[in-house]
Amino acid sequence: MKVLIATQKPFSAAAVAGIKEIVTGAGHEFAALEKYADASELIAAVADVDALIIRSDKVTAEVLDAAKNLKIVVRAGAGFDNVDLAAATAHNVVVMNTPGQNSNAVAELAVAMMIFMARTQFTPATGSEVQGKRLGIQAFGNVGRLVGAKAKALGMEVYALDPFLKPEQIEAGGAKPVSDLNELYSGSDFVSIHIPALPSTIKSIGYDLITRMPKGACLVNTARKEVIDEEGLEKALEERPDLKYVTDVMPDNYETLREKFGLRVFATPKKMGAQTAEANMNAGLAAARQICDFFATGNTRFQVNK
Ligand code: 3PG
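Residues numbered from 1 in each chain as written. Predicted model: local features only at pLDDT ≥ 70, side-chain atom pairs only at ≥ 80, totals over all residues. Heavy atoms only, no water.

A. Summary view of the packing of helix 1 (residues 13-25) against helix 12 (residues 277-297). Packing of helix 1 against helix 12 leaves a shortest axis separation of 9 Å and a crossing angle of 15°. In this view, helix 1 runs roughly parallel relative to helix 12, as classed from their interaxial angle. Taken as a pair, helix 1 and helix 12 cross one another with a handedness that is right-handed. Of the residues in helix 12, those in contact with Ala14, Ala15, Gly18, Ile19, Ile22 and Val23 of helix 1 are Asn280, Met281, Gly284, Leu285, Ala288, Arg289 and Cys292. When the residues that make up the contact of helix 1 with helix 12 are grouped by side-chain class, the tally is nine nonpolar, three polar and one charged. (Axes fitted to C-alpha atoms, helices over the stretch in contact; angles between N-to-C directions. Helix = DSSP H or I, 4+ residues; strand = E, 2+ residues; numbered from the N terminus. Parallel < 35°, antiparallel > 145°, perpendicular 65-115°, else oblique. Left-handed = near helix turned anticlockwise from the far one by under 90°. Contact = heavy atoms within 4.5 Å. Nonpolar A, V, L, I, M, F, W, Y, C, P; charged D, E, K, R; others polar.)

Written as structure tokens, this is what we have:
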């Protein structure tokens, strides 16, 4: 079988070497397409591949149409909103993710972003401390739980909301459960977002929720830019000069936000939450192993298009 790793934002060389070793060790052929500039390069590269490893790379119906031999796509990471699942299913292609493998990297970044904003983006202006502040975690999955544990170690009060968890499960994960989004936003000095981009969550965080946050609060988004209603965010920041927004997924209106609100907003130039040596290794090798296991035994444990 031919396994292609296609990553516009490449993994570390060590992770790529590890992926190659696993793939070739299992008797498969390995190929790599890194830092490609255009979807047409991906479309050309998938023509003869049986398996595909990607990150945030877009696997559209067009890519799937071009990949006549494709049997499996593994998104080395958590979110799979970049894969057209319906088209994959129609093409009989199994899609998997590698849940948990890059969570710690993202959680560390979320915590770092809170401190960065509390300390006025590391400028000499008087900032504040996170100790004693309230953190609301929106979705208490792999990343959310790790953010909560790290925040508790910093002396923060941690609250969480997750529609798929019972209050006692949130308590077992070390956070205090809240009953709805209004309570989460109105009672948190920081809200850290960890929801996926789904039709039901896209643009779900906007003016109404953001303006519920208490004085001086900061919204932290290491999830997806699509979940924010950017016009609502802009309006909220305009009306409430005490609020702040920090994100690893740059909004389309970032230039405007930065011009208008200066150090109250910050976005990383390129999504970097999962960009650590450890996360590259964990997610990359897990993807390679899942593909080899799928070909050897038919294991579909992490399939997301069932
Ligand atoms: C994920 O969903 O796993 C993260 O957003 C990481 O995405 P990346 O692999 O493109 O950095």
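B. Focus on the pairing of strand 5 (residues 94-97). Judged by which residues are buried, strand 5 turns out to be covered on both faces: Val94 and Met96 on one side and Val95 and Asn97 on the other are all buried. Taken together, the four bridges between strand 4 (residues 72-75) and strand 5 define a ladder with parallel strand orientation. By the bridge assignment for strand 5, Val74 is matched with Met96. With helix 4 (residues 85-90) bridging strand 4 and its parallel neighbour strand 5, the resulting β-α-β unit is right-handed. (Buried < 20%, exposed > 50% of the residue type's maximum accessible area, 1.4 Å probe, protein only. Pairing = 2+ DSSP bridges. Right-handed = clockwise from strand over helix to strand, strands pointing away.)

C. Looking closely at the sheet that holds strand 4. Spatial ordering of the open sheet is given by 2-1-3-4-5, a layout of five strands whose pairing is parallel. Looking at which strands have only one partner, the edges of the open sheet turn out to be strand 2 (29-34) and strand 5. With strand direction ignored, the average angle separating the axes of adjacent strands in the sheet is 15°. One ladder, built from six bridges, connects strand 1 (residues 2-7) with strand 2; its direction is parallel. Opposite Ala6, over in strand 2, you have Leu33 as the bridge partner. Those strands touched by helix 1 are strand 1, strand 2 and strand 3 (51-54), and its axis lies near 155° from that of strand 2.

D. The sheet that holds strand 12 (residues 265-267), seen in detail. Ordered by their spatial adjacency, seven strands build an open sheet running 8-7-6-9-10-11-12, and the pairing between neighbours is parallel. The sheet is open, and its two borders are formed by strand 8 (176-177) and strand 12, each paired with just one other strand. Alignment of strand 7 (residues 157-161) against strand 8, held across two bridges, turns out to be parallel. Opposite Ala160, over in strand 8, you have Pro177 as the bridge partner. Of the strands in this sheet, strand 6 (134-138), strand 9 (190-193), strand 10 (218-221), strand 11 (244-247) and strand 12 touch helix 5 (residues 103-118), which is tilted by about 145° from strand 11. Helix 6 (residues 142-153) contacts strand 6, strand 7 and strand 9 of the sheet and is inclined by roughly 170° relative to strand 6.

E. Seen up close, the environment of Leu146. Inspection of the secondary structure puts Leu146 in helix 6. Expressed as a C-alpha distance, the spacing of Leu146 and Val95, which sit 51 residues apart in the sequence, is 26 Å. Contact partners of Leu146, with chain neighbours within four places excluded, come to Ser103, Asn104 and Ala107.

F. Fine view of the side chain of Arg224. Here Arg224 is to be found in the loop between strand 10 and helix 10 (230-239). In this structure the side chain of Arg224 is engaged in a polar contact, spanning 3.1 Å, whose partner is the side chain of Asp81. In this structure Arg224 touches Arg75, Gly79, Asp81, Ala197, Val249 and Lys271, once residues within four positions along its chain are discounted. (Polar contact = N/O pair within 3.5 Å; in protein donor to acceptor, adjacent residues only side chain to side chain.)

G. Structural detail: the packing of helix 5 against helix 6. In contact at an axis separation of 8 Å, helix 5 and helix 6 are set at 50° when each is read in the N-to-C sense. Relative to helix 6, the element helix 5 is oriented oblique. Of the two possible hands of crossing, helix 5 and helix 6 adopt the one that is right-handed. Note on element contacts: helix 6 touches helix 5 through Asn142, Val143, Leu146, Val147 and Lys150, opposite Ser103, Asn104, Val106, Ala107, Glu108, Ala110 and Val111. Residue composition of the contact of helix 5 with helix 6, by class: seven nonpolar, three polar and two charged.

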